[in-house]
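Chains, contacts and geometry: an overview
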Amino acid sequence: KNIVVLVSGGGTNLQRIIDCIESGEILNAHISSVIADRECFGLERAKKHGIATQLIPRGKTFSSELKTVIPGDTDLIVLAGFLSILNKEFCESFQGKIINIHPALLPKFGGKGMWGNHVHDAVLEANENESGATVHYVTSGIDEGEIIVQRSFPIGENETVETLAQKIHDTEFEIYPKAINLVLNKN
Ligand code: GRF
């Protein structure tokens, strides 16, 4: 199965996916390209593994440009720390074939502006007793698509944005490969 991964940042989730494909923890998968909407370390990680990369600068025409470069044989588009919003037309033309990972327990703490440390701040501010990560299908409603896998953990007494971010990344590294396996090998 052919995967395209979209990134905007450091790409640790991308790295985990690459490693799991190489080790066989993710089955029947091949990353045909990694596409970014800005210069970022995720692109370097891909290049290091001989994966084709492309940079489409973020902006109004991003989604339509992206659509023209997604190979026709793509089975799954994986958003891994990808910060642009894909437009309705793009989401509808790849319906059921785009997944995202979100650093909180959706449907709580999702939507516009809820990314990176903003999410952890909001979770701590709200005095939640748990947080976690969610893998979901991407639809045109931000963070609203069907949930594929979610995992939670308790928030500690002295939790900070930094400790929370670390726990969430560790959780993401567990559940993203699982979710990709589920989606790719469900038929
Ligand atoms: C992750 O926490 C993910 O939930 C969010 O962006 C972060 C990406 O981190 N969407 P990385 O680029 O994979 O290191």
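Residues numbered from 1 in each chain as written. Predicted model: local features only at pLDDT ≥ 70, side-chain atom pairs only at ≥ 80, totals over all residues.

A few words on the site of the ligand. Taken together, 13 residues lie around the ligand, and Gly 9, Thr 12, Asn 13, Gly 81 and Pro 103 are the ones closest in. Mapped by element, the contributors of at least two residues to the shell around the ligand are helix H1 (12–23), strand S5 (98–102) and helix H6 (161–184). If one sorts the elements of the shell around the ligand by residue count, H6 sits on top with three residues. (Near = placed C-beta within 6 Å. Helix = DSSP H or I, 4+ residues; strand = E, 2+ residues; numbered from the N terminus.)

Right, let's get into helix H2 (residues 41–48). Since one α-helical turn is 3.6 residues long, residues separated by three or four positions face the same way. Restricting attention to buried positions, one finds in H2 the residues Gly 42, Leu 43, Arg 45 and Ala 46. Seen from one end, H2 has its buried residues packed into an arc of 160°, which puts them on one side. Residues of H2 that are exposed and angled more than 90 degrees away from the buried face: Lys 47 and Lys 48. In this fold, the buried residues of H2 make contact with strand S1 (2–7), H1, strand S2 (30–36) and strand S3 (53–55). Two residues or fewer after H2 comes Gly 50, characterised by a positive phi angle close to 70°. (Buried ≥ 20, exposed ≤ 12 C-beta atoms within 10 Å, placed from the backbone. Arc of directions from axis to C-beta. Contact = placed C-beta atoms within 7 Å.)

For the rest of this paragraph, the subject is the pairing of S1. The buried fraction of S1 amounts to five of the six residues, a majority that puts the element mostly inside the structure. Here S1 pairs with S2 via six bridges, running parallel. For Asn 2, the partnering residue across the bridge sits in S2 and is His 30. A crossover connection joins S1 to the parallel S2 through H1; in handedness this β-α-β unit is right-handed. Where S1 meets strand S4 (residues 76–79), four bridges bridge the pair, whose relative direction is parallel. Across the sheet, Val 5 pairs through a bridge with Val 78, a residue of S4. (Pairing = 2+ DSSP bridges. Right-handed = clockwise from strand over helix to strand, strands pointing away.)

Glancing now at the UniProt feature "binding site: (6R)-10-formyltetrahydrofolate" (unreviewed entry) in the protein chain. Mapped onto this numbering, the UniProt entry gives "binding site: (6R)-10-formyltetrahydrofolate" (unreviewed entry) at Arg 58 and Asn 100. With respect to the element layout, Arg 58 can be found in the loop between S3 and helix H3 (62–69). According to the C-beta neighbour criterion, Arg 58 is partly exposed, with 14 such atoms within 10 Å. Not counting residues up to four positions away in its chain, the partners in contact with Arg 58 are Asp 37, Arg 38 and Ser 84. Within the secondary structure, Asn 100 is located in strand S5. Setting aside residues up to four positions removed in sequence, Asn 100 forms contacts with Leu 79, His 136 and Val 138. (UniProt positions renumbered as here; feature names shortened; annotations may be inferred.)

A separate point is the packing of helix H5 (residues 117–125) against H6. One can describe the packing of H5 onto H6 by two numbers: an axis separation of 10 Å at closest approach and a directional angle of 115°. Overall, the two elements H5 and H6 adopt an arrangement that is roughly perpendicular. Pair H5 / H6 crosses with right-handed handedness. Residue-level contacts link Asn 117, His 120, Asp 121, Val 123 and Leu 124 of H5 to Val 161, Leu 164 and Ala 165 of H6. For the contact of H5 with H6, the per-class residue count stands at five nonpolar, two polar and one charged. (Axes fitted to C-alpha atoms, helices over the stretch in contact; angles between N-to-C directions. Parallel < 35°, antiparallel > 145°, perpendicular 65-115°, else oblique. Left-handed = near helix turned anticlockwise from the far one by under 90°. Nonpolar A, V, L, I, M, F, W, Y, C, P; charged D, E, K, R; others polar.)

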